[in-house]
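Examining the three-dimensional arrangement
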Amino acid sequence: MFALFQYDFAIRALIGGLALSVIAPSIGLFLLTRRYAFMADTLSHVSLAGVVIAAVLGLPYLIPVLVLDIAAALTVEKIRRSGRAFGDGALALFLSGSLALASVLISANRGLGFNLSAVLFGSITTVSSEDVVLILILGAVVFLCIAMFFREFFALSLDEELAEGSGLRVTLFSTILITLAAITVALALRVVGALLVGALMVIPPLSAMQWPVSFKNTLIISIFTALVSVLVGLPL
C-alpha cells in the first residue's frame, strides 16, 4: 500500500496533505467554538465558483479563489456583526449563491473541459510542486498567525462580548481569523476538494472536543487526528 509513495505526485500530495492537517483543524477549532462550523463549507462552495471563474477567464485558479473566499468571509462577518442577519443565515446565502453561480457558469461554458470531480473531491495526481510551495508558505503564515494570536483567538471564541469588554479589538481579530480560514480553504482545494475541506477543518476538532482536556490540548489532539487521517487515508 505504501508503495504509492515511490511516485512524485504522491509525495507532493502527502506533503500538502500533512501541511493542511496542521492548519485546517487549527482554524477549524476556533470556528467550531464560535458556532461557525459551516463557514468552511460555505467558503468551499465559494471556492468552487472561483475555480469556474478562473477557468472561464483562463487564469490560475488560486488568485480568484483567494479573492472570492476572503471577500465572502469578510462580508459574512460584517453582516453577522451588523445584526442584519444571523450568522448561519449569511452563510446559507453565500453557500447557495456560490453554488448557483458555479452551476450557471459551467452550463454556459461546456467547451471548457472542466473537471468538476477534481474540484469537488480533490485530485492528488494534479498537485504540482508550485502548489506544494504555496501550501507550505501560506500555511506557515497561517500557523504563525495562530501561534501569535492564540490567546486573542481563544478569548474571541470563548465569549466575544467578554473579550470586547476586556479591551480586545474584537473586530480586528475576527477579521484576521476569518481571513486565515479563507486562505486555508483556498489552499486545501487542490488536495482534498471543495466538498471535503470542511470535513478536514471540522471533524478533527469535533472529535478532539470529546476529550475532557484543555483548549490547547484539544488543539493538539485535533492536529494529531488530522495527521493520522491523511497518513492512513491517502494510501487507502
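Note that the coordinates shown come from a computational prediction; the quantities given were computed from them, not determined experimentally. Once a new chain begins, its residue numbering starts again from 1 and follows that chain's sequence as written. Only residues with pLDDT of at least 70 are given local features in this predicted model, and only at 80 or more are side-chain atom pairs given and counted; all residues enter the totals for whole chains, interfaces and linings. To obtain the side-chain values, all non-hydrogen atoms of the structure were used and water was disregarded.

Considerations on the environment of leucine 136
Rules: Here a helix means four or more residues in a row that DSSP labels H or I, a strand means two or more in a row labelled E, and each is numbered from the N terminus. Should any heavy atoms of two residues lie within 4.5 Å, those residues are counted as being in contact.
By the element assignment, leucine 136 lies in helix H6 (residues 129-148). Sequence-wise, leucine 136 and isoleucine 15 are 121 residues apart; in three dimensions their C-alpha atoms are separated by 8.6 Å. In this view, leucine 136 contacts Ile15 and Ala19; residues no more than four positions away in its chain are not counted.

Some thoughts on the confidence of the model for the protein chain
Operational definition: A score from 0 to 100, pLDDT tells how confident the predictor is in each residue.
Of the residues in the protein chain, 91% reach a pLDDT of 70 or more, and the chain-wide mean stands at 82. Helix H5 (residues 116-121) is the least confidently modelled element of the protein chain, averaging 69 in pLDDT, while helix H11 (residues 215-233) averages 91, the highest of any element.

A word on the packing of aromatic side chains
Note the cut-off: Only centres within 6.5 Å qualify two rings of Phe, Tyr or Trp (six-membered ring in Trp) as a pair; their planes then separate them into stacked at under 30 degrees, edge-to-face at over 60, and tilted for everything else. Remark: exposure states derive from per-residue accessible area (1.4 Å probe, protein chains only) relative to the maximum for the residue type, with buried under 20%, exposed over 50%, and partly exposed in between.
Scanning the entire structure with this criterion turns up eight aromatic pairs. Between phenylalanine 149 and phenylalanine 173, the ring centres sit 5.4 Å apart and the planes meet at 65°, which makes this aromatic pair edge-to-face. A residue pair is termed long-range when its members are at least 10 positions apart, and phenylalanine 149 in the loop between H6 and helix H7 (150-158) and phenylalanine 173 in helix H9 (residues 170-192) qualify at 24 residues. The exposure class assigned to phenylalanine 173 is buried, which follows from its relative accessible area of 9%. Each ring, one from phenylalanine 150 and one from phenylalanine 215, has its centre 5.9 Å from the other, and the planes form 55°; the classification is tilted.

Brief notes about the environment of glycine 28
Inspection of the secondary structure assignment puts glycine 28 in helix H1 (residues 8-33). Among the residues examined, glycine 28 registers a relative accessible area of 2% and is labelled buried. The spacing of glycine 28 and isoleucine 146 is 118 residues in sequence and 12 Å in space, taken between C-alpha atoms. If we skip the residues at most four places from it in the chain, glycine 28 touches Met201 and Pro205.

Section: the packing of H6 against H7
A pair of packed helices can be characterised by two numbers: the angle between their axes and the separation between those axes. Keep this limit in mind: Lines fitted to the C-alpha atoms define the axes, with helices restricted to the stretch that makes contact. Angles between their N-to-C directions range from 0 to 180 degrees. An angle counts as roughly parallel when it lies under 35 degrees, as roughly antiparallel when it exceeds 145, as roughly perpendicular when it falls between 65 and 115, and as oblique in every other case. Under the grouping applied here, Gly and all other residues not named as nonpolar or charged are polar, the nonpolar ones being Ala, Val, Leu, Ile, Met, Phe, Trp, Tyr, Cys and Pro and the charged ones Asp, Glu, Lys and Arg.
With their axes 4 Å apart at the nearest point, H6 and H7 run at an angle of 75° to one another. Judged by the angle between their axes, H6 and H7 are roughly perpendicular. Mapping the contact onto sequence places Cys145, Ile146, Ala147 and Met148 in H6 and Phe150, Glu152 and Phe153 in H7. For the contact of H6 with H7, the per-class residue count stands at six nonpolar, no polar and one charged.

Describing H1
Threshold: Take the number of residues in a helix, subtract one, and multiply by 1.5 Å to get its expected span. One fitted axis covers the seven residues ending at a residue, a second covers the seven starting there, and the bend at that residue is the angle between these axes.
If you check H1, its first and last C-alpha atoms are 38 Å apart, about what 26 residues at 1.5 Å a residue would give, namely 38 Å. At leucine 20, H1 is deflected by roughly 30°, the largest bend along its length. Backbone geometry just downstream of H1 places arginine 35 in the positive-phi region, at approximately 60°.

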